[in-house]
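# Understanding the architecture of this molecule
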Amino acid sequence: MSAHLAPDHPRWLQQLAELRRRHGASLVWAGVFAALWLPGLGLTLLLSAPLGVPLATAALLGGIGSLLCAAAASALLLGVADPLDRALRLLGRQGTLDAVTGVCDRRHFLHAAEREMSAARRYQRPCALVLLQLDHFAQIQGRFGQRCGELLLRRLAEGAQAHLRQPDLLARFDEDRFILLLPDTDPLGALDVADRLRERTERLGFEWQGQVLQCTASLGVAALQAQHVGLQQLVQATEAALREALAAGRNCVRADAELLPSRPHVTKP
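No experiment lies behind these values; they were computed from the predicted model shown. Every chain is numbered on its own, with residues counted from 1 as its sequence reads. Restriction of local features to residues with pLDDT of at least 70 applies here, the model being predicted, together with a cutoff of 80 or more for giving and counting side-chain atom pairs; totals for whole chains, interfaces and linings are based on all residues. Note: side-chain values were computed over all heavy atoms of the structure, leaving out hydrogens and water.

Now for the overall build of the chain. Helix and strand counts for the chain come out as 8 helices and 8 strands. Exposed residues in this analysis have more than 50% of their type's maximum accessible area, buried residues have under 20%, and partly exposed residues fall in between, with area computed by a 1.4 Å probe over protein chains only. Among the 269 residues that make up the chain, the fraction classed as buried is 42%. Contacts were defined at the residue level, with two residues in contact if any of their heavy atoms lie within 4.5 Å. For the chain, the share of sequence-separated contacts (at least 6 apart) that also reach a separation of at least 24 residues comes to 66%. Each accessible area value is a Shrake-Rupley result obtained with a 1.4 Å probe; residue values ignore everything except the protein chains displayed when judging cover. Carbon and sulfur atoms make up 58% of the accessible area of the chain, which amounts to about 14700 Å² in all. Put simply, DSSP marks the helices as runs of H or I at least four residues long and the strands as runs of E at least two long, and each gets a number from the N terminus on.

Let us look at the pairing of strand β2 (residues 169–174). Most of β2 is tucked away: 5 of the 6 residues are buried. For two strands to pair, DSSP has to find at least two bridges joining them. Counting the residues that bridge the hairpin from β2 to strand β3 (residues 177–183) gives 2 residues.

Note on definitions: the grid is 1 Å and covers protein atoms alone; a cavity is a set of points where a 1.4 Å probe fits but cannot get out; a pocket is an open set with protein on both sides within 12 Å along at least five of seven lines; lining residues have an atom within 4 Å of a point. Grid points are joined across faces, edges and corners, and a volume is the space filled by probe spheres set on the points. One pass over the full model with this rule turns up 1 cavity of 30 Å³ or more. Taken as a whole, the largest cavity holds about 40 Å³ of empty space. Taken together, Leu132, Leu156, Ala160, Leu170, Phe178 and Leu197 make up the full set of residues lining the largest cavity. Classification used: nonpolar for Ala, Val, Leu, Ile, Met, Phe, Trp, Tyr, Cys and Pro, charged for Asp, Glu, Lys and Arg, polar for all others including Gly. Taken together, the residues of the lining of the largest cavity sort by class into 6 nonpolar, no polar and no charged.

What follows concerns the environment of Ala119. Tracing the backbone through its elements, the reader meets Ala119 in helix α4 (residues 106–123). Residues Ala119 and Pro183 lie 64 residues apart in sequence; the distance between their C-alpha atoms is 9.7 Å.

With that settled, consider the pattern of salt bridges. Salt bridge, as used here: a side-chain nitrogen of Lys or Arg that lies within 4 Å of a carboxyl oxygen of Asp or Glu. The final tally for this structure, using the stated rule, is 13 salt bridges. Note that Arg125 is salt-bridged to Asp184, the shortest N-O span being 3.0 Å. With a gap of 59 residues between them, Arg125 in the loop between α4 and β1 (127–134) and Asp184 in the loop between β3 and α7 (187–202) connect regions that are remote in the sequence. Residue Arg125 is classed as partly exposed on the basis of its relative accessible area, which comes to 29%. One salt bridge connects Arg154 with Glu158, and the closest N-O pair in it is separated by 3.8 Å. Here Arg154 pairs with Glu158, and both are found in helix α6 (residues 146–161), just 4 residues apart, close to one helical turn.

Two packed helices can be described by the angle between their axes and the distance between those axes. One way to put it is that helix α5 (residues 137–144) packs onto α6 with a least axis distance of 6 Å and a crossing angle of 135°. Viewed along their axes, α5 and α6 adopt a mutual orientation that is oblique. Seen from α5, the contacting residues are Phe137, Ile140, Gln141 and Phe144; seen from α6, they are Gln146, Cys148, Gly149, Glu150, Leu152 and Leu153. Looking at side-chain class alone, the contact of α5 with α6 contains 6 nonpolar, 3 polar and 1 charged residues. Inter-axis angles, ranging from 0 to 180 degrees, are taken between N-to-C directions of lines fitted to C-alpha atoms, where helices are fitted over the stretch in contact. By definition in this entry, angles of less than 35 degrees are roughly parallel, angles greater than 145 are roughly antiparallel, angles of 65 to 115 are roughly perpendicular, and the rest are oblique.

Attention shifts here to the pairing of β1. Judged by how many residues are buried, β1 sits mostly within the fold: 8 of 8 residues are covered. Side chains of β1 alternate between two faces, with Cys127, Leu129, Leu131 and Gln133 and Ala128, Val130, Leu132 and Leu134 buried alike. As judged from the 7 bridges shared by β1 and β3, these two strands associate in the antiparallel manner. Paired with Val130 across the two strands is Leu180, which belongs to β3. In this structure, β1 lies alongside strand β6 (residues 217–223), joined through 7 bridges in antiparallel fashion. Among the inter-strand pairings, Leu129 is bridged to a residue of β6, identified as Ala222.

Topologically, Val253 is positioned in strand β7 (residues 253–255). Judged by its relative accessible area of 0%, Val253 is buried. A C-alpha to C-alpha distance of 9.7 Å links Val253 and Leu131, two positions 122 residues apart in sequence.

On to the confidence of the model for the chain, then. With 61% of its residues at a pLDDT of 70 or more, the chain shows a mean pLDDT of 79. The low-confidence segment residues 87–94, where pLDDT is below 50, has 8 contacts with residues more than four positions distant or belonging to other chains. The quantity known as pLDDT measures the predictor's confidence residue by residue, on a range of 0 to 100. For the stretch residues 261–266, pLDDT sits under 50, and the model shows 9 contacts to residues farther than four places along the chain or on other chains.

The backbone of Asp184 shows a phi angle near 50°, a positive value even though the residue is not glycine. Positive phi is not limited to glycine here, since Gln209 has a value of about 50°. Looking at the element boundaries, Gln209 is found in the loop between β4 (206–208) and β5 (211–213). According to the relative accessible area criterion, Gln209 is exposed, its value standing at 69%.

Structure representation (structure tokens):
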């Protein structure tokens, strides 16, 4: 998902950056130059009249002066706007990411998922959530330290991210849980994604100080249903499915009861 400048950034900078992206620097430079040169020339002629300077001389000198000033100002404006635009866009992206794992943070995820859920309802498209919890994370971090836990979470996030589609959105939901938004994905597709994530976690092979740590994950899956009047209800259904996976012994996938009535439980190695 593309980043945009925040609403509190200067409006002129957003408009100038957008014009540059659409039409190129040359056309924008010409527009800025014309906007600065013509008023400058007019002002020179206006000020020269009371001094008795001949009109032709005033026009020539004013034109040259305005030309140089407009050219310098245009180059300076574009030179400042372009790197500033890139920096602000980078800050916008960084402001939506979790510092430990590099994936989206919870706040950005909920905002994006709310929009996707509204679109799915409007156009009658399927949409699903997957909630993943790393099994026994507290014990791993307690035994090997916080740094080990953070690297494990990052490795898990990177592995999951590498196998997702471009529209899918992965986020860190809280300390040891990740949430995944799957647009245009039916229940069977969501269950398949969840089981593949479970298998990849089991095969992660995370090594810390010469020791390979065995990692597993429990996952809950829920798909958008008519009774989900808001995102919170869909998230709660996913959390309920995850609780079933934890109660079933972990390292398995469980689905919301309304997802597939004939197959409420999915996989257990």
